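Residue strings, one per chain:
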Amino acid sequence: MGSQSLDRGGGEGKAGRLFLLAASGEEIKPVRREGARAEGEKTRVKEAGMISIQEIVREYLEKNGYDGLACPWAECGCKLSDLMPCGEPDKDECFAAHKTDDPEGEVEWLMLPGKAGEK
């Protein structure tokens, strides 16, 4: 087991805080930092065996034969090689997608929801 979470409830009517425990038992406290210190914290969390939402999504897409994500209403799409460049994927409007050529030739490629050949 890589790591586990420990919920320290805040008590009646108060928000709790979530702390992560590395496999070694070391507590990884949530900290807001910028620059090099923030990168160091990210490295510690990854070394503790935690993965990001982006990594979870990438793994799912790869395992299930998708090429990336598409948000048709925003005319937005991203390939696995550059997943979520916006940094703010919409949880309700980004869909697993396949890459295809643009029939109108306006752009190099398009991402369309679903797998190739699905309707």
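This write-up is about the structure you can find in this document.

Here is what the cut-offs are and how they apply
Residues numbered from 1 in each chain as written. Predicted model: local features only at pLDDT ≥ 70, side-chain atom pairs only at ≥ 80, totals over all residues. Heavy atoms only, no water. Salt bridge = Lys/Arg side-chain N within 4 Å of Asp/Glu carboxyl O. Helix = DSSP H or I, 4+ residues; strand = E, 2+ residues; numbered from the N terminus. Buried < 20%, exposed > 50% of the residue type's maximum accessible area, 1.4 Å probe, protein only. Polar contact = N/O pair within 3.5 Å; in protein donor to acceptor, adjacent residues only side chain to side chain. Phe/Tyr/Trp six-rings, centres within 6.5 Å; stacked < 30°, edge-to-face > 60°. Lys NZ or Arg CZ within 6 Å of the ring centre and 35° of its normal. Core = buried A, V, L, I, M, F, W, Y, C linked by side-chain atoms within 4.5 Å. Contact = heavy atoms within 4.5 Å.

On to the pattern of salt bridges. Here the structure, examined in full by the defined rule, presents two salt bridges. A salt bridge links lysine 63 to glutamate 59; its shortest N-O distance comes to 3.3 Å. One end of the pair, lysine 63, and the other, glutamate 59, are both in helix α2 (residues 53-63), four residues apart, so they sit about a helical turn from each other. What makes lysine 63 exposed here is its relative accessible area of 65%. Overall, glutamate 59 belongs to the partly exposed group, its relative accessible area being 40%. For lysine 91, the salt bridge identified is with aspartate 92, shortest N-O distance 3.1 Å.

For the rest of this paragraph, the subject is the environment of lysine 115. Positionally, lysine 115 belongs in the segment after β7 (110-113). Taking relative accessible area as the criterion, lysine 115 reaches 29% and is therefore assigned partly exposed. Sequence separation between lysine 115 and glycine 65 is 50 residues; the distance between their C-alpha atoms is 7.3 Å. Side-chain polar atoms of lysine 115 contact the backbone oxygen of asparagine 64, separated by 2.8 Å.

Taken as a whole and judged by the stated rule, the model has two aromatic pairs. On the numbers, 6.4 Å between centres and 20° between planes, the contact of tyrosine 60 with tyrosine 66 is stacked. Ring centres of tryptophan 73 and phenylalanine 95 lie 5.7 Å apart, and the angle between their planes is 50°; on these two criteria the pair is classed as tilted. With tryptophan 73 in the loop between β4 (68-71) and β5 (76-79) and phenylalanine 95 in strand β6 (residues 95-100), this pair connects stretches of sequence that are 22 residues apart. For the cation-ring pair, lysine 115 lies above tyrosine 66, with the distance from its terminal atom to the ring centre recorded as 5.3 Å.

Quick look at the nonpolar core now. Grouped burial of nonpolar side chains is what soluble globular proteins tend to show. The biggest cluster of nonpolar side chains holds seven residues, and these are Leu61, Tyr66, Leu69, Cys78, Leu80, Leu83 and Met84. Excluding residues within four positions of it along the chain, leucine 61 makes contact with Tyr66, Gly68, Leu69, Leu80, Leu83 and Ala96.

Moving on: the environment of cysteine 94. Assignment of secondary structure puts cysteine 94 in the loop between β5 and β6. Since its relative accessible area comes to 25%, cysteine 94 is described here as partly exposed. Taking the C-alpha atoms as reference, cysteine 94 lies 8.4 Å from glycine 77; in sequence the two are 17 residues apart. Once residues lying within four places of it in the same chain are set aside, the contact partners of cysteine 94 are Ala70, Cys71 and Pro89.

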